[in-house]
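Topology and contacts: notes
Listed below are the residues making up each chain.
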Amino acid sequence: MQHRSKGKLVESGFRLPAKHGGELAAQKAHGRAVPADVGVAILIEAGQKVAEFWIFLDGKKLLALMENKPNAADFLLNDVESLINIVEKYPKPIHFIITKWDLLKKKDIKLRDIKKRLLNHEYFKDFIDLRSNKHIIRLIPTSAVGDNFFDKDQRYIPGAQPRPFQVEIPLVCMLRD
């Protein structure tokens, strides 16, 4: 986990209000599209009520970004920027939670390398710079299965047992904040 005293990284892991979440889940289950403006309205309403934001950064997409794969930078534009657009309006702690850390670790990618790559993206850097002196921002690596569950080609290793890595850290940080 990496953080500054005020100003840290996270993704949106908050819960939607029950009055909307159930309806949206039902619409998706029945194959009906949920209008974008409804989703944004729900996020804005939720943003006013939550204590902090969790923004999940997909480890597989981050790996593609770190390996400079074609179209990997779209992840920053489509996923990260759109979430930052919503959470930047609220003066609350933000945790950027990296999922599938085991994939990145197997490729010997360090947290500092990811931080550097993210901060090379102008929009992301501006967001962090504006918030870092006033608000908590964290960048937290996590893995649901841990090391030695998949090989470097992402195939299951027979007999391997999951050993989650730092999945509790975002909750511990929330208690501290």
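The numbers attached to residues start from 1 for each chain and follow its sequence in the written order. Residues qualify for local features only when their pLDDT is at least 70, as the model is predicted, and side-chain atom pairs are given and counted only at 80 or more; totals for whole chains, interfaces and linings, by contrast, use all residues. Side-chain measures here rest on the full set of heavy atoms in the structure, leaving out hydrogens and waters.

Side note on the side chain of Glu52
- By secondary structure assignment, the location of Glu52 is in the loop between α2 (36–49) and β2 (53–57).
- To sort residues, take the accessible area from a 1.4 Å probe on protein chains only and compare it with the maximum for the residue type: under 20% means buried, over 50% means exposed, and anything in between is partly exposed. In this count, Lys and Arg are taken as positive residues and Asp and Glu as negative ones, while His and the chain termini are left out. Think of a salt bridge as a Lys or Arg side-chain nitrogen and an Asp or Glu carboxyl oxygen that are within 4 Å of each other. The charged side chain of Glu52 is buried without a salt bridge, its nearest counter-charge being Arg138 at 5.3 Å.
- Within the structure, the side chain of Glu52 is placed 3.2 Å from the side chain of His95, a separation counted as a polar contact.
- Those residues in contact with Glu52, other than ones at most four positions away along the chain, are Lys92, Pro93, His95, Pro170, Met174 and Asp177. Secondary structure follows DSSP: runs of H or I at least 4 residues long count as helices, runs of E at least 2 residues long count as strands, and numbering of each begins at the N terminus. Polar contact is defined as a pair of N or O atoms within 3.5 Å, subject to the rule that within protein one atom must be able to donate a hydrogen and the other to accept it, and that residues adjacent in sequence are counted only when both atoms are side-chain atoms. In this description, contact between two residues means that some pair of their heavy atoms is separated by no more than 4.5 Å.

Quick look at unusual backbone geometry
- A positive phi angle, near 55°, is found at Asn68, a position not held by glycine.
- Within the secondary structure, Asn68 is located in the loop between α3 (59–66) and α4 (74–87).
- Residue Gln166 is not a glycine yet carries a positive backbone phi of 55°.
- Mapped onto the elements, Gln166 comes out in the loop between β4 (137–141) and α8 (169–176).

Let's talk about the nonpolar core
- Joining through side-chain atoms within 4.5 Å is the link that ties buried Ala, Val, Leu, Ile, Met, Phe, Trp, Tyr and Cys residues into a set, and such a set is a nonpolar core. Membership of the largest hydrophobic core comes to 30 residues, with the highest contact counts inside it found for Leu57, Leu62, Phe96, Ile98, Leu104, Ile114 and Leu118.
- Among the elements that take part in this core, α4 stands out by supplying 6 residues, more than any other.
- When neighbours within four sequence positions are excluded, Ile98 is seen to be in contact with Leu57, Gly59, Leu62, Leu104, Leu111, Ile114, Leu139, Ile140, Pro141 and Thr142.

Section: the packing of α3 against α4
- Note on method: axes are straight lines fitted to C-alpha atoms, helices fitted across the in-contact stretch only, with angles between N-to-C directions ranging 0 to 180 degrees. Axis separation between α3 and α4 bottoms out at 10 Å; the angle between their running directions is 145°. Viewed along their axes, α3 and α4 form a crossing whose handedness is left-handed. Taken together, the residues of α4 that come into contact with α3 (itself represented by Lys61, Leu62 and Leu65) are Phe75, Leu76 and Asp79.
- Side-chain classes follow a simple rule in which Ala, Val, Leu, Ile, Met, Phe, Trp, Tyr, Cys and Pro form the nonpolar group, Asp, Glu, Lys and Arg form the charged group, and the remainder, Gly included, forms the polar group. Grouping the constituent residues of the contact of α3 with α4 by class yields 4 nonpolar, no polar and 2 charged. Should the near helix be turned anticlockwise from the far one by less than a right angle, the crossing is termed left-handed; should it be turned clockwise, right-handed.

Brief notes about the confidence of the model for the chain
- By definition, pLDDT measures how confident the predictor is in each residue, and it falls between 0 and 100. The predicted model of the chain averages 77 in pLDDT, with 74% of residues at 70 or higher.
- For residues 1–36, every residue scores under 50 in pLDDT, and the model assigns this stretch 96 contacts once sequence neighbours within four places are set aside.

Some remarks on the packing of α3 against helix α6 (residues 111–119)
- Between α3 and α6, the least distance of the axes is 11 Å, while the angle of their chain directions is 75°. Taken together, the axis directions place α3 and α6 in an arrangement best described as roughly perpendicular. Taken together, the residues of α6 that come into contact with α3 (itself represented by Leu62, Leu65 and Met66) are Asp113, Ile114, Arg117 and Leu118.
- Classifying every residue of the contact of α3 with α6 gives 5 nonpolar, no polar and 2 charged. Here the angle decides the label: under 35 degrees means roughly parallel, over 145 means roughly antiparallel, 65 to 115 means roughly perpendicular, and every other value means oblique.

Brief notes about α3
- Every buried residue of α3 is accounted for by Gly59, Leu62, Leu63 and Leu65. Down the axis of α3, the buried side of the element spans an arc of 160°, and every buried residue falls inside it.
- As for α3, its buried residues are in contact with β2, α4, β3 (94–98), α5 (101–106) and α6. For this quantity, the arc is that covered by the directions from the helix axis to the C-beta atoms.

Structural notes on the pairing of β3
- Here β3 lies mainly inside the structure; 5 of its 5 residues are buried.
- The alternating pattern of β3 places Ile94, Phe96 and Ile98 on one face and His95 and Ile97 on the opposite face, and all of these are buried.
- Only when DSSP finds a minimum of two bridges between them are two strands counted as paired. Strand direction decides the pairing type here: β2 and β3, joined by 5 bridges, are parallel. Its bridge partner being in β3, Phe56 is matched across the sheet by Ile97.

As for the pattern of salt bridges
- Overall, the coordinates contain 8 salt bridges when judged by the stated rule.
- One salt bridge in this structure joins Glu67 and Lys107, with 3.9 Å as the shortest N-O distance. Residue Glu67 is located in the loop between α3 and α4, and its partner Lys107 is located in the loop between α5 and α6; the two are separated by 40 residues in the primary sequence.
- The closest approach of N and O atoms between Asp151 and Arg155, which form a salt bridge, is 3.2 Å.
- Each of Glu67, Lys69 and Lys107 takes part in salt bridges that share partners, so that together they form one network.

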